[in-house]
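Structural overview
Here is how the chains run, residue by residue.
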Amino acid sequence: MTIYPGSCHCGAVKIQFTSDQKPEQMRVGRCACSFCRRHGARTMGDPAGSVEFHAAPDDLSRYRFGLGITDYLLCAKCGTYLGAVMPADGRQIGIVNVNALDIRDTFDPAPPLHHYDGEDEARRRARRRKFWMPASVIA
């Protein structure tokens, strides 16, 4: 397993993304929702990997919208969108915004755009359980 570090713009929130995949093998996508589009997010998950977000409690902001089942993680100081987490099957799963990783330039600058309009909560949770990874927020 390789640890791929990252952080927000100001460095207040640190990321540790762990995967046994090489960056060129990783499936990166773009969500078509207005939140992700406005942030220029390119996100990914590796179900065999994990992601940790480390911050002081006052440095991490959580934002919910849409179905209200997901915490979108932002730095409270600089506003960088870092990733998202949600509860699933007694644990927490999430994705990372590859723009916040130190190896961000390794990834496709314009990965496929995915539209999830019309998903109900059950379908959204099922899709995320398939593609998202174990996640921890340490704040």
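Placed above this text is the structure.
No experiment lies behind these values; they were computed from the predicted model shown.

**Regarding the pattern of salt bridges**
Any two side chains of opposite charge can pair, given that their charged atoms come close. Tallied over the full model, the rule gives seven salt bridges. One salt bridge connects K77 with D59, and the closest N-O pair in it is separated by 3.7 Å. Taken as a pair, K77 in the loop between β7 (71–75) and β8 (81–88) and D59 in the loop between β5 (50–54) and β6 (60–63) lie far apart in primary sequence, 18 residues in all. The exposure class of K77 is exposed, given its relative accessible area of 59%. For E119, the salt bridge goes to R127, with nearest N and O atoms at 2.8 Å. By the burial criterion, E119 is buried, and R127 matches it. Where salt bridges share partners, they join R62, R64 and D71 into one cluster.

**Overview of helix α2 (residues 121–131)**
The complete set of buried residues in α2 reads R124, R125, R127 and R128. Taken around the axis of α2, the buried residues stretch over an arc of 165°, which confines them to a single face. Exposed residues on α2 whose side chains face more than 90 degrees from its buried face are A122, R123 and K130. Elements that come into contact with the buried residues of α2 comprise β7, β8 and β9 (91–97).

**Observations regarding the nonpolar core**
In terms of nonpolar packing, the biggest core is built from 25 residues, with I15, F17, V51, F53, L82 and V96 touching the most fellow members. At three residues, the largest contribution of residues to this core is made by strand β11 (residues 133–138). In this structure, F17 is in contact with T2, I3, Y4, M26, M44, D46, S50, V51, V96, L101 and M133, ignoring residues within four places of it in sequence. Listed in part, the 15 residues of the second largest apolar core include C31, A41, Y72 and W132.

**Focus: the environment of L67**
By the element assignment, L67 lies in the loop between β6 and β7. Look at L67 and you get partly exposed, because its relative accessible area is 37%. Sequence-wise, L67 and E121 are 54 residues apart; in three dimensions their C-alpha atoms are separated by 6.8 Å. In this structure L67 touches E119, D120, E121 and R124, once residues within four positions along its chain are discounted.

**Notes on the packing of aromatic side chains**
Under the criterion given, the structure shown has eight aromatic pairs. Ring geometry for Y72 versus Y81: centroids 6.2 Å apart, planes at 45°, classification tilted. Of the two residues, Y72 and Y81, neither departs from the other in class, the shared state being buried. Pairwise contacts between aromatic rings join F35, Y63, F65, Y72 and Y81 into one cluster. The positively charged end of R27 is found above the aromatic ring belonging to F131, 4.3 Å away from the centroid.

Rules used in this analysis
Residues numbered from 1 in each chain as written. Predicted model: local features only at pLDDT ≥ 70, side-chain atom pairs only at ≥ 80, totals over all residues. Heavy atoms only, no water. Salt bridge = Lys/Arg side-chain N within 4 Å of Asp/Glu carboxyl O. Helix = DSSP H or I, 4+ residues; strand = E, 2+ residues; numbered from the N terminus. Buried < 20%, exposed > 50% of the residue type's maximum accessible area, 1.4 Å probe, protein only. Arc of directions from axis to C-beta. Contact = heavy atoms within 4.5 Å. Core = buried A, V, L, I, M, F, W, Y, C linked by side-chain atoms within 4.5 Å. Phe/Tyr/Trp six-rings, centres within 6.5 Å; stacked < 30°, edge-to-face > 60°. Lys NZ or Arg CZ within 6 Å of the ring centre and 35° of its normal.

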